[in-house]
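# Analysis of the macromolecular model
As a plain string of letters, each chain reads:
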Amino acid sequence: MKTTSPQTQLIHDAYQPPAGFAAFPTPIHHASTVLFKDVAAMRSGDWKDKSAYTYGLHGTPTTFTLEARLAAIEDGQFCLLAPSGLAAIAMVDFALLKSGDDVLLPDNVYNPNRELGRWLSADFGITARYYDPMIGAGIAQLMQPNTKLVWTEAPGSVSMEVPDLPAICKAAHAAGALVALDNTWSAGLALRGFEHGVDIIMQALTKYQSGGSDVLMGAVITRERALNDRLAMAHMRLGMGVSADDAYLVLRSLPTMQLRFAAHDAAARKVALWLKARPEIARVLHPAFADCPGHEHWKRDFTGAGGLFSVVFDARYSEEQTDRFVDSLALFGIGYSWGGANSLVMPYRVQAMRKDWKGAGVLVRFNIGLEEADDLIADLEQGLARL
Ligand SMILES: *Cc1c(COP(=O)(O)O)cnc(C)c1O
């Protein structure tokens, strides 16, 4: 399916219902055991062939429909679903890295991805090194002959630096490495990763694609068959199945994703602007704001921002005070993740997560949900009064 508008792509798919049973939703196909019509069909089955069952673990028409739709949204060709965003990250690493290889990760990378890098380094004979997310073309100096993979995240989901993706891709490709992008923040809507040069796009569908704070799922999207085949081998060998019920929940949410994303975006900018004017807040880390590191890259490469941003409190406030602020909020749940209807807040000890973090104030991240922005602002105002 090829259409020009992402919003239309979110609604239409190529699923063909059985004759006489036409309706919009994709049915939920459950299967662990699958049946072959005869021995010859069983013997000729290829688990990579998505037009027929070979085993339930390799997918059903429900999961294949979701894969096709996600690939279309990213303007990719291939998609593999994983049981979580982190599992999708692991699929990429285990498919593309082996003993003796080197992987580069941004220093602001999603923390479980950093933890996976630590494990690869400790037990698998792979080196994982961390680079300044604002390094841009300077990453050329870090490339080694055994550097096979460069992870990027745009922006980093806690400290919000927006990298210079085209410059990083150019340098990585010149040195023979592949570039993977964690495109969760943009949901594949606000950043067209392949256009900027990345080879692999990973998304946590747990966020905007689900939209319900109730599903864990990830996706790995590519454009080249040979690369997809390497990823598919890891997907198969690691047993990465996804339930058809969960896939259905994501399919059900996709048509509204762009509308939700735009609503999160508008409300988040309103709340962030209000926070920026407050004397308690030293910095607002929102990629659409001029003082966010990498704002110029956001402006050049992105078409939107979604609901996630962070603030740094003025250094005169202790963690005890900012914890009190967080605890006092009534409309913000204290929770990780984002992309659901409910607003969330989370304080981070960035100094412990980052080797190059400068600044003393406490960082607090907000996910602005779909509530009325003025109600959220009123809640924040009463919270700030308790600092
Ligand atoms: C949530 C998230 C993930 C992981 O997704 P899970 O489904 O929770 O494992 C990966 N990267 C980013 C940037 C995320 O926000």
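Fair warning: this is a prediction, and the values are worked out from it, not measured in the lab. Here the residue numbers are simple positions, counted from 1 along each chain's written sequence. pLDDT decides what is reported in this predicted model: residues at 70 or higher carry local features, side-chain atom pairs at 80 or more are listed and counted, and totals for whole chains, interfaces and linings draw on all residues regardless. Hydrogens and water are ignored here; the side-chain numbers use all heavy atoms of the structure.

Here the rule is simple: two strands pair whenever DSSP picks up at least two bridges between them. A helix here means a DSSP run of H or I that spans at least four residues, while a strand means a run of E at least two residues long, and both kinds are numbered starting from the N terminus. Strand order in the open sheet formed by seven strands is β1-β7-β6-β5-β4-β2-β3, with mixed pairing between adjacent strands. Sheet topology places β1 (78–82) and β3 (127–131) at the edges, where each strand pairs with a single neighbour. Direction aside, the axes of adjacent strands within the sheet are offset by 20° on average. Note that strand β2 (residues 102–106) and strand β4 (residues 147–153) share three bridges and pair parallel. Its bridge partner being in β4, V103 is matched across the sheet by L149. Note on geometry: axes are lines fitted to C-alpha atoms, helical ones only across the stretch in contact, with angles between N-to-C directions running from 0 to 180 degrees.

So, on to the domain arrangement of the protein. In many analyses, interface size is given as the accessible surface area lost on bringing the parts together. Each domain span listed reflects an automatic or database assignment of domains. Domain boundaries assigned for the protein yield domain 1 (39–251) and domain 2 (257–384). Using C-alpha coordinates to define each centre, domain 1 is positioned 26 Å away from domain 2. Two residues qualify as a contact provided that any one of their heavy atoms is within 4.5 Å of a heavy atom in the partner residue. The partner domain 2 presents 36 residues to the 35 residues of domain 1 that form the contact. Buried area: the sum, over both parts, of the accessible surface (1.4 Å probe) that disappears when the two are put together. Between domain 1 and domain 2, roughly 3,100 Å² of surface is buried when both sides are summed, and carbon and sulfur atoms account for 62% of that area. The largest share of the area that domain 1 buries against domain 2 comes from V158, W185 and Y208, three residues that together contribute 26% of it. The salt bridge criterion pairs a side-chain nitrogen of Lys or Arg with a carboxyl oxygen of Asp or Glu, the two atoms within 4 Å. There are one salt bridge connecting domain 1 and domain 2. For D164, the salt bridge identified is with R300, shortest N-O distance 2.7 Å.

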